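A closer look at the structure
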Protein chains: 2
Amino acid sequence: MPKLSQPRTKPDFREKLRKKVLQIGRNLIEQEGLEAVQARRIAKQAKCAVGSIYNIYSDLDDLIIALNMITLAELGETLRHAHAASAGKSTHDRLLALAEAYFDFAAARRKHWRAIFEHILPEGRTAPPDYRSDQDRLFALVEEILDAEIDEPEQRASAARALFASVHGIVSLSLDRKLGEFEPQATRRQIKFLIGCMSKGLNVD
Amino acid sequence: MPKLSQPRTKPDFREKLRKKVLQIGRNLIEQEGLEAVQARRIAKQAKCAVGSIYNIYSDLDDLIIALNMITLAELGETLRHAHAASAGKSTHDRLLALAEAYFDFAAARRKHWRAIFEHILPEGRTAPPDYRSDQDRLFALVEEILDAEIDEPEQRASAARALFASVHGIVSLSLDRKLGEFEPQATRRQIKFLIGCMSKGLNVD
């Protein structure tokens, strides 16, 4: 049945190449960082034409977003674990558990984690809906913890993003050695200070 | 007096070229961002040999640090102004004034500001003492505001860095459109939430 098998084979080949391209992309990030993710280099390693990559991903930004979504999924697993493990604890302890899990993930998977933030979309272009909904699911973990403290959903969403961005700021400036050499203990101390003050502040009217 | 004039002329030429190189470097950042700062491009515009640039700066990292120190000095002026203008106000109002001044500076001077954080020194290399002491002078502004709340100097220094990193996290994720499109009002709201909780939390034992 050549008429039936033909359309079946093509998507199969495409799917195999897609997986191969992603694996090569991930290795390049792991070894050299985001700037190594170039269609030419990936095509060479995948033994395919550069055009075949652009049959799957419309451009390099599209491919990088796909790579970053894999890291985001791994981060999500780590954060969901910390969220579940801290169930029943105080708001302070739960926020601290998430913040520390984020720091540990970033420190252990530094190049992959950095690629998420190094990649800046060209002006006028927006991230795909899938990417934003993956992100929103992660923020939902923080929002759930803040549920008791902040009633209004929009305010709670904004607070969760502010808290995440604050922890991210501490983590990224220290991993990038922007405020001095990287000292994990100093970073943990800053995270504890932030979460300590924030959770006290949340409970004061 | 040729023997006297000769050593005088050389540093003079060197100083002129240094200023020219910095001005060209700044223009390149302004127009295209940090990745445009390349010795070859600067030499072409300065009408000098690439080697002449490396007579002044030992390598590209050295030149980029010099460029970033100019931005740091401008940021310092902005923050010192906000610090002075808020003298006598509450801890909350003073921290908020500094945080908002930081956001306004970053938004207005986006490419120069981003260059400070995009530049990551190679592993094993440390920032020059001048760079760190410029930074320390900026942190001293925050430390002075925290003086009434945190007695212990080392703890105060750590708190000032944690606060800065938190505000920086909010500012950079929103300017880089990492959590959605850039909406200045949403960013200001997150900054207010952070400073609001933090200053309440600082005053609770």
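A few points on the structure. Since the model is a prediction, treat every value here as computed from it, not as a measurement. Each chain carries its own residue numbering, running from 1 in the written order of its sequence. Chain letters start at A and ligand numbers start at 1, both assigned in the order the entries are written. Whole-chain, interface and lining totals are the exception, using all residues; otherwise, since this is a predicted model, local features are given only for residues with pLDDT of at least 70 and side-chain atom pairs are given and counted only at 80 or more. Only heavy atoms go into the side-chain values, all of them from the structure, while hydrogens and water stay out.

1. Remarks on the relation of the copies chain B and chain A
Alignment of the copies relies on least squares applied to C-alpha atoms, considering only residues that score at least 70 for pLDDT in both. Each copy of the sequence occupies a distinct position, and chain B is placed on chain A by a rotation of 180 degrees and an axial shift of 0.0 Å, giving an RMSD of 0.0 Å. Interpreted geometrically, this transformation is the action of a two-fold axis. Contacts are assigned to residue pairs with any non-hydrogen atoms lying within 4.5 Å of each other. Interface overlap between copies is the fraction of interface residues in one copy that are interface residues in the other; for chain B against chain A it reaches 100%, indicating a shared surface.

2. Here's the deal with the interface of chain B and chain A
At the interface, 47 residues of chain B touch 48 residues of chain A. Here the buried area means the combined drop in accessible surface, using a 1.4 Å probe, for two parts upon being joined, counting both sides. Taking both sides of the interface into account, the surface hidden between chain B and chain A amounts to around 3900 Å²; carbon and sulfur atoms contribute 60%. Together, Arg177(B), Lys178(B) and Phe193(B) form the three largest contributors to the area buried by chain B at its contact with chain A, with a combined 17%. When a carboxyl oxygen of Asp or Glu is within 4 Å of a side-chain nitrogen of Lys or Arg, the pair counts as a salt bridge. Applying the counting criterion to the chain B and chain A interface returns two salt bridges. A salt bridge links Arg189(B) to Glu154(A); its shortest N-O distance comes to 3.5 Å. Each polar contact in these results corresponds to two N or O atoms within 3.5 Å; when the atoms are within protein, one needs to be able to donate a hydrogen and the other to accept it, and residues that are neighboring in sequence are counted only if both atoms are side-chain atoms. Summed over the shared surface of chain B and chain A, the result is 15 residue pairs in polar contact (both at pLDDT 80 or more). Contributing elements (two or more residues each) for the side of chain B that touches chain A: α6 (110-118), α7 (129-146), α8 (153-175) and α9 (184-202) of chain B. Here a strand is any run of E in DSSP of at least two residues, a helix any run of H or I of at least four, and the numbering for each starts at the N terminus. Ranked by residue count, the leading element in the side of chain B that touches chain A is α8(B), at 14 residues. Across the side of chain B that touches chain A, the residue classes break down as 21 nonpolar, twelve polar and 14 charged. Three classes are used: nonpolar for Ala, Val, Leu, Ile, Met, Phe, Trp, Tyr, Cys and Pro, charged for Asp, Glu, Lys and Arg, and polar for all others, with Gly counted as polar.

3. Some points on the environment of Ile120(A)
Mapped onto the elements, Ile120(A) comes out in the loop between α6 (110-118) and α7 (129-146). Here's how the labels work: a residue is buried when its accessible area is under 20% of the maximum for its type, exposed when over 50%, partly exposed in between, all with a 1.4 Å probe on protein chains only. Residue Ile120(A) is classed as partly exposed on the basis of its relative accessible area, which comes to 26%. For Ile120(A), the contacting residues outside a window of four places in its chain are Arg114(B), Asp176(B) and Arg177(B).

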